[in-house]
Structure formats: structure tokens, C-alpha cells
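Read off the chains here:
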Amino acid sequence: MRYGYFDDLNKEYVIDKPNTPAPWANYLGDPNYGAIISNNAGGYSFEKSGANGRILRYVFNNFDEPGRYIYLKDNDDNDYWSLSWKPVLKDLSIYKNICRHGLGYSTFETKYKNIESNVTYYVPLNSKYEVWFVKIKNNSNTKRKLTLTSYSEFTSDNNYEQDQVNLQYTLFNSKAEYKDNLIIQSINANLLNSNPEKCCQRFFGLANLKVDNYCLDKKSFLGDYHTYQNPIGVIDKLKDEIGFNNTICGALQSNIELKPNEEISFAYILGMKNEIEARKTLVTYQDINICEKEILDIKNYWHNKLNAFIVNTPSNEFNSMINTWHAYNCFITFTWSRAASLVYCGLRNGYGYRDTVQDIQGIIHLDPKAAKEKISFMLSAQVDNGAGLPLVKFNHNAGHENTPDDIEYVKETGHPAYRADDALWLFPTIYKYLAETGDLTYLDEIIPYANKDEDSVYNHLKKAIEFSSTHLGKHKLPQGLYADWNDCLRLGKNGESTFVAMQYYFALNIIKEFAEYKKDDEYLIYLNKQIDLYYKLINEAYNSDRYIRGYTEDGKTIGAKNNLEANMWLNPQSWAVISNVADQDKKDTILNNVYNILNTKYGAELMNPAFEKEYYDAISSILLYLPGNKENGSIFLQPQGWLILAESLNGNGNRAFEYYKESCPAYQNDIAEIRIMEPYCYGQFSEGRKSPKFGRSNVHWLTGTASTIMVGCVEGILGIRPDLYGLKLSPAIPDEWNDLSIKKIFRNKLLNISIHNNTKQNKLILNGKELDTNYIKDEDLLKENNIELFLKKN
Ligand code: GLC
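Basis of the calculations
Residues numbered from 1 in each chain as written. Predicted model: local features only at pLDDT ≥ 70, side-chain atom pairs only at ≥ 80, totals over all residues. Heavy atoms only, no water. Helix = DSSP H or I, 4+ residues; strand = E, 2+ residues; numbered from the N terminus. Rg over C-alpha atoms; globule rule 2.2 N^0.38 Å. Buried < 20%, exposed > 50% of the residue type's maximum accessible area, 1.4 Å probe, protein only. Contact = heavy atoms within 4.5 Å. Areas by Shrake-Rupley, 256 points an atom, 1.4 Å probe, with all protein chains shown as cover. Lys, Arg positive; Asp, Glu negative; His and termini not counted. Salt bridge = Lys/Arg side-chain N within 4 Å of Asp/Glu carboxyl O. Pairing = 2+ DSSP bridges. Near = heavy atom within 4 Å. Polar contact = N/O pair within 3.5 Å; in protein donor to acceptor, adjacent residues only side chain to side chain. Nonpolar A, V, L, I, M, F, W, Y, C, P; charged D, E, K, R; others polar. Expected span 1.5 Å × (residues − 1). Axes fitted to C-alpha atoms, helices over the stretch in contact; angles between N-to-C directions. Left-handed = near helix turned anticlockwise from the far one by under 90°. Core = buried A, V, L, I, M, F, W, Y, C linked by side-chain atoms within 4.5 Å.

Novice: Go over the overall build of the chain with me, naming the residues and quoting the values.
Specialist: Along the backbone of the chain there are 20 helices and 43 strands. Its C-alpha atoms give the chain a radius of gyration of 28 Å, near enough to 28 Å, the size a compact globule of 794 residues would have. For the chain, the spread of C-alpha atoms along the three principal axes comes to 80 × 65 × 50 Å. Relative to its full complement of 794 residues, the chain shows a buried share of 63%. Considering only residue pairs separated by 6 or more positions, the chain has 66% of its internal contacts joining residues 24 or more positions apart. Counting only carbon and sulfur atoms, one obtains 47% of the accessible surface of the chain, whose full area is about 29,700 Å².

What follows is the structure in C-alpha cells.
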């Protein structure tokens, strides 16, 4: 079943059936002022932190309530509806509602009883408040008398947990007052004059329309035993109730009369400001035309950003995702980390090291400048022993931080030890940044360590190599430490991880290129020795027709062919190809095995069979999940990107694209009853074959899936593979694609690339001149380039 479609021209996803199987969300603003809004206007807003700066209440896992509601009542017959389908839930055969999620805004168009409305919710660029811009039009030929009521539910505390659970305190600290179209809610209102710092104020105001009545008390607004669907304040009228203790809300009511064809527009403004500031903000919306301009600015901002990479392939789904929604997903994850969604409530007080370093990879091809800033930040969160801080606090103070070796850090963050993989993610991320930009001087930039001292980027990377080289287990493979990529696999200090070993091998090869550039000959000797050694050691972990996943503390092998459960793991197979530690025979064998054993119609499972019977310490966290879920054999989506990349690197475009299609949200647009989650963004995992809900996707938006699949598509399938000195074009596209084109900004130059598949011979033509390789040197590029790549039919 489908509930919406991609409008590529406007870069919108249009939901024309509002009764979606889950709230389908969009992001407005950025974490300075963040707002999440569903296709039924559910969601919440906050300043800086979803957990500690929460302005609007949202009750998690409670069917998408409350929200930013606007009600309309026809005063002739007292019939009322809402400008999003929820909360009134009118009969969809007579009430039409379309939600257009755009990049940075969401618009709701409603038609009911010849009244047409259009509401756009947005956060103006670089602002710390939100706007609900409303237009209402009378399409009938009689005069209409309507009552308009808006509703916003303020939290009683900036901390969302306090608001939800500590009611003996939070029900008795705030009040709200109304004056001249503006509601001001004050928390710890008693301190307003004596200690204003301790008193937090929020506002909700109306511009360009007169408020006739208000209600600042939720209980009075809803009425006893009424709900958001049928509030007494809408059925009757608001009674100018102030807010004092209990639960405050902001409801504003206006009586309007519309002549035939008359349209009015006005805006509600909401945020966290004191009365003077709020009033100033409200005044700027007296000229309501500003709203259209602000919405256009947001569109331009995002559309320009995404224009740096545009594909036109025979797959509309691929195009919609890569050009718009997947790219937006990468930016949202890059910007918001795991801070706030309808699943994450914002309680994590910082950036996960590996997550953030990986997230950067998804946007390098679109915004290398932003990528560089974040890379530098993450390097400044690397400890001087080479490891990453497992959690980098939002108020990270480079050079002065405690580390997992300090009890204070452990107490503060809950992270008891280093993880084996964190700093190793820096290698592919920094390589991609340098290759995208050619900015090799970055290697010499000086950046502090998290705890003390500073060093060049190059030396930071050497330290990361040193950390892995000195934390080895019995087989000389990297120790599992607190965890590797798999948070739930506790291989421990005396266990070993083949996945990390492959990352380490990959890192050695990457830093070798940097060492060559830096003519660091002594280090090169060391690197070559390590590369040979680890090629051998990792291949000793090859078990018949697969690479194992690791060894536990007590020497049990995980992922061996003769294990009862989880005898085949996805990541060590795809990473054996990505890191190039496997020879060609092994690459073919393991990828075939993945296909035969792990692949399903919704992607490849993380491992198989899922754990149901066995129990031992290293997997005890995995066992907490039902089989087919999360780390216990789900189709974990982040690894799909590595698999797509591995198949592409191995030259199998058909399979790479098959894997792409299986887990691609857009390809699941018409099976929303199975996928449940939004068809325009990725999730953390889809349930595997062991789940009765096979194919259901979970944990929307903020996930490392966005970046790995982006890399799998751009570097893998499309084969755009920059290196330090130029660009290799090595697509692995499916046979079913004949022609495609790519427009890319590369090192401030424009590349117009056309790829012709199934031709007679391999050929690359750069600006009319045939080259004898598929590699283009940076110095051969002009300001604007026409590149034609011909690929021979297999
Ligand atoms: C989640 C975590 C990520 C981890 C993955 C697998 O996505 O955010 O850090 O690698 O789970 O456990």
C-alpha cells in the first residue's frame, strides 16, 4: 500500500493519505532551534537539546500526540475539523489533506466544506523560533463564519524527563499570561524579577490576525474526559483562562468571516524568549509577506546545497533518494547526530565517536567544508594514546577532557572503557575528505588531543595506528575492548575482532598513501611490514568459505562454519573486500555466501542463524533482542552500504544494485504496510526473517545507514572514486541501465559525466580527448568538463 509519492521537481515527499502506518516525520531548523513534525502535525520543539531545552511536549510511543494543532469550526453548523488530519480525524472520503514534507519545512493542504487551508511550518534560517504560516480561503459562494483555534502544549520544565515524570515539582512552577496577541509562559515564574536567569520564558503569538479568546490551561482547553480530537475549547469557545500551575498550554482563538473567494493569511510564532524579545519577533511578521520569502530562502538554501551532486539514472527511486531525500537524510544525521527524533529523546549528552566520524562520510561529496570542520572537531576528541573518546560531550573542551582512564569520565558518560574501532573510522573519512578536495595540507594542520597536547593531523592518525597496534590479543589481532562496531558484541580485552583487524589493515593502507606523500620513509618500512603481517594474520581467520567474526575472551570462535548459531556474519565478509585483504577467489566465495545465506528480499541479515539457544558472556547483550531484531540477526541497515560497496568494488553492478533496491526506502514506497517507516528516509534496521514482522523498518532518520549507503552508491555503484591526485571513474552499474549522467562539483570544477553502458569497448573521453585509462588527473580538469565514459557489455 502506498500513502504518498516523491515530487522530485519541488524536492518534496507528498503524503496524500494521512492515515500512514506510523508518524512520518520531517526536520525543521537545526539543533539551535529544532523542530520535528509528523505528517499529522505531531512532534516537538526544543532549543539546543531535545532533552534539556524542550519547549513543546510530545509523549513518546503514544501514537503521535500532541502536536502543533490548528482547528477550524464552521459557526453555522458547529462542525469542526483540523488543518492536519489529526487530531480531529475527519472522514477521509469527504475531508482531503495533503502533507508536503520539504527540505526544512512541511506544508499541509486541507480541503473541507469548500474551505481550503494551507499551513507551512518552518524555522527561518539562522533563527531560534518557529513559524506556522497559515492561509485560509473560502471557496464557496456564501459568506462563511469560522472560528479558528491553535493549540501548542508547553512542557513544564526544559528537561523533558522532569516534565514527564517529576510532576510533584513540575506541576507547580509555571504560569502563563496573555496580552495583545501574545502568550508568555514562565517557568519558575516566581523568580522572574529577583533572579531572571532562573526563570525560563516561552512564547506563542499570532501575527496579522486578531486574537479574540485564549486559554492557557490544558485541562480547561480539553474539558473533562475530552481529548485533542474533541476539545471543549473548540466545541464551545475559549474562556480566557490564565495558566497557573498544573499543565499550561497555549491556545489562541480568532473569529473570522470570509467572503466568497476571500483568502486571509497570518502566522503563529513560537519559541523560547522573554516578553520583550518575543514581542519584537512577533512585530516582524506584521508584514505577512515575509513568510513566503523565508520559506523560499529555506528552499534555496537546501536546493543549492544538494546541487553539488545530481544524478540522472534510469531509476527514479535512485534519483529521488540520491539527489534529495537520502542526501537530506545524510545532512540531518550529520547535524543532529543521535540527538532528537520520534525515537531518540535527546538524552544522550554528546556525540558517539564512531557514529559521528562515519556520519561525515555521507556529506563530503556535498559539503566538504562542513566535513572538514567536523573532522577537526573529532580529531580534537581523540585521546593522546590514539583512541577516540567513546562519547564526545556537546560541551567538549579539547585539551582538557578526562578520558575513560579517569573515573570522572566514566561516571559522567557511563562509558567504562575504550572501544576497539572508534579512531579507525578516521582513516576512510579523512581519506575521502582529502580525495574530494585535494587539500593535502590538511595533514599538517595542528589539532589538540582531547586530554592534553596537540599534533598534526598526520600524527593524530599515526597515534590511532599505534593504539590498535598495541592492543592485540592471542592471535595478534586487535582486541575487542569494550566493543567494536557491534555495540552488543563484547569480545573484551582478551577477545579479538576480525572486523577491527580489517579496519586496521585498511587504515594501514590508507596511511601508507599519506606517508608516501610525506616521504616518511622510515614509517613506510614499518607500514609495509605490518601490511604483510596483517594480510597473513587476517587470512588465518578464514574459515573454509568465510571470515570469522572474532574470538571471545575464553577462546571461542564466533562466526565459524560449524557453530550452531550465527555461523555466518556479514561485516567481516564485506570488509574483507573493502579492505582488500581477501584474494579474488576468496572475494567471490564470501560474497556468494553472503548472497546465498544472508540475503533476503529486504536486504542481507547481519548474521545467521540469529541467537536463540546459546548463551555466553560475549553475546549476552545481543541475546536481549528477539531473533531477527537489532544486533540479533536483523537486517541491520548500515552494513547494507558496505555490502553495496563491496559488490561494486568487486565489479558486480547487478548485485550491488539488487542489494540497493532491497533496502532502499523509495523502492518500498508501495509496501508501506510492511515497511511502516517513512519511505523517504533510512532506519537503523529492518526486521529479519526470524521476526513475524519481517521487513518492518525501525529507528528512523538518525542512523549511520545514511552515510554508508550514500558511499555505497556514490563510490560504489556510480564509481566516483577520487584519490589524492585525481578521480577514477569505475561504475558498477546494473546491466539494465544503458545511459546515465552525473553532474558533480569536484574541487571547484564542474563535471558533466555521461555514462554509456553495454557498449562495444571501454573508453573515457575527457573534453573531447580520449584517455587510455579510467583515471583523470586533477591537473587535466578545466573549470567545466564534459566527460564521457563508455562501458563494455559484459
Ligand atoms: C547503532 C549505534 C552504532 C553501532 C550500531 C551497531 O547504530 O549507533 O554506534 O555501531 O548500532 O551496534
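Structure shown, so let's carry the discussion forward.
Novice: Now, about the side chain of glutamate 662: what can you tell me, with residues and values included?
Specialist: One can find glutamate 662 in helix H18 (residues 653–663). One buried charged residue, glutamate 662, forms no salt bridge at all, with the nearest opposite charge on arginine 655 at 8.7 Å. When sequence neighbours within four positions are dropped, the list of residues in contact with glutamate 662 reads Asn599, Thr600, Lys601, Tyr602, Gly603 and Gln668.

Novice: Outline the sheet that holds strand E33 (residues 635–636), supporting the account with residue identities and numerical values.
Specialist: Pairing in this open sheet of three strands is antiparallel, and the strands run E33-E34-E35 from one edge to the other. The sheet is open, and its two edges are formed by E33 and strand E35 (697–700), each paired on a single side.

Novice: Lay out the environment of tryptophan 425 with the relevant residues and their values.
Specialist: Checked against the element boundaries, tryptophan 425 lands in the loop between helix H10 (407–413) and helix H11 (426–437). The spacing of tryptophan 425 and isoleucine 183 is 242 residues in sequence and 48 Å in space, taken between C-alpha atoms. The residues contacting tryptophan 425, other than those within four sequence positions of it, are Arg354, Val357, Gln358, Gln361, Trp485, Phe499, Gln503, Trp575 and Trp642.

Novice: Residues and numbers for the pairing of strand E14 (residues 182–187), please.
Specialist: E14 sits mainly inside the fold: six of its six residues count as buried. Where burial is concerned, the two faces of E14 agree: the one with Leu182, Ile184 and Ser186 and the one with Ile183, Gln185 and Ile187 are both buried. Direction of pairing for strand E13 (residues 174–179) relative to E14: antiparallel, over a ladder of six bridges. In the strand pairing of E14, alanine 176 is matched with glutamine 185. With antiparallel pairing between neighbouring strands as the criterion, E13 and E14 make up a hairpin whose turn holds two residues, including aspartate 180 at a positive phi of roughly 45°. Two elements, E14 and strand E15 (residues 200–207), share six bridges in a ladder whose sense is antiparallel. Residue pairing for E15: serine 186 is matched across the bridge by glutamine 201.

Novice: Tell me about the site of the ligand, and name the residues and values.
Specialist: The environment of the ligand is formed by Arg354, Asp355, Trp485, Asn486, Asp487, Glu631, Phe636 and Gln684. One nitrogen or oxygen atom from the side chain of glutamate 631 is found 2.4 Å from an oxygen atom belonging to the ligand. Burial of the ligand by the protein amounts to 92% of the accessible area it has alone, namely 310 Å². Partitioning the shell around the ligand into residue classes produces two nonpolar, two polar and four charged.

Novice: Quick rundown of the pairing of E15? Include the residues and the values.
Specialist: Of all the eight residues making up E15, eight are buried; the element is thus mostly covered by neighbouring parts of the structure. The two faces of E15 match: Cys200, Arg202, Phe204 and Leu206 on one face and Gln201, Phe203, Gly205 and Ala207 on the other face are all buried. Pairing of E15 with strand E19 (residues 263–271), which is carried by five bridges, proceeds in the antiparallel orientation. Looking at E19, one finds that phenylalanine 204 is bridged to leucine 270.

Novice: Any details on helix H13 (residues 498–518)? Residues and values, ideally.
Specialist: Spanning 21 residues, H13 covers 30 Å between terminal C-alpha atoms, matching the ideal 30 Å at 1.5 Å per step. Of all 21 residues that make up H13, 15 are buried, and the element is covered over most of its length. For H13, the N-terminal cap is serine 497; the gap from its side-chain oxygen to the backbone nitrogen of phenylalanine 499 is 3.3 Å. Remark: lysine 519 follows H13 within two positions and exhibits a positive phi of approximately 55°.

Novice: Tell me about the side chain of histidine 326, and please be specific about residues and values.
Specialist: Mapped onto the elements of the fold, histidine 326 is located in helix H7 (residues 316–336). Beyond its immediate sequence surroundings of up to four residues, histidine 326 is in contact with Met321, Tyr682, Ala706, Ile709 and Met710.

Novice: Tell me what's going on with the packing of helix H12 (residues 457–469) against H13, and back it up with residues and numbers.
Specialist: At a minimum axis separation of 11 Å, H12 and H13 run at an interaxial angle of 145°. Judged by the sense of rotation from one axis to the other, the crossing of H12 with H13 is left-handed. On H13, the residues that touch Tyr458, Leu461, Lys462, Ile465, Ser468 and Ser469 of H12 are Tyr504, Ala507, Leu508, Ile511, Phe514, Ala515 and Lys518. Taken together, the residues that form the contact of H12 with H13 break down as nine nonpolar, two polar and two charged.

Novice: Summarise the nonpolar core; cite the residues concerned and give the values.
Specialist: Counting 231 residues, the largest nonpolar core has Ile136, Tyr268, Phe318, Phe514, Tyr660 and Trp701 as its most contacted members. In terms of residue count, the dominant contributor to this core is H13 (13 residues). Excluding its chain neighbours within four sequence positions, the residues that come into contact with phenylalanine 514 are Ile430, Tyr431, Leu434, Leu443, Tyr458, Leu461 and Leu724. Within the second largest apolar cluster, 13 residues are counted, among which are Tyr71, Tyr151, Leu222 and Tyr228.

Novice: Residues and numbers for the sheet that holds strand E26 (residues 492–497), please.
Specialist: The four strands lie next to each other as E25-E26-E27-E28, forming an open sheet whose pairing is antiparallel. The strands lining the two open edges of the sheet, one partner per strand, are strand E25 (479–481) and strand E28 (557–558). Relative to E28, strand E27 (residues 550–551) is paired through two bridges, and the arrangement is antiparallel. Following the sheet pairing, tyrosine 551 is matched in E28 by threonine 557.

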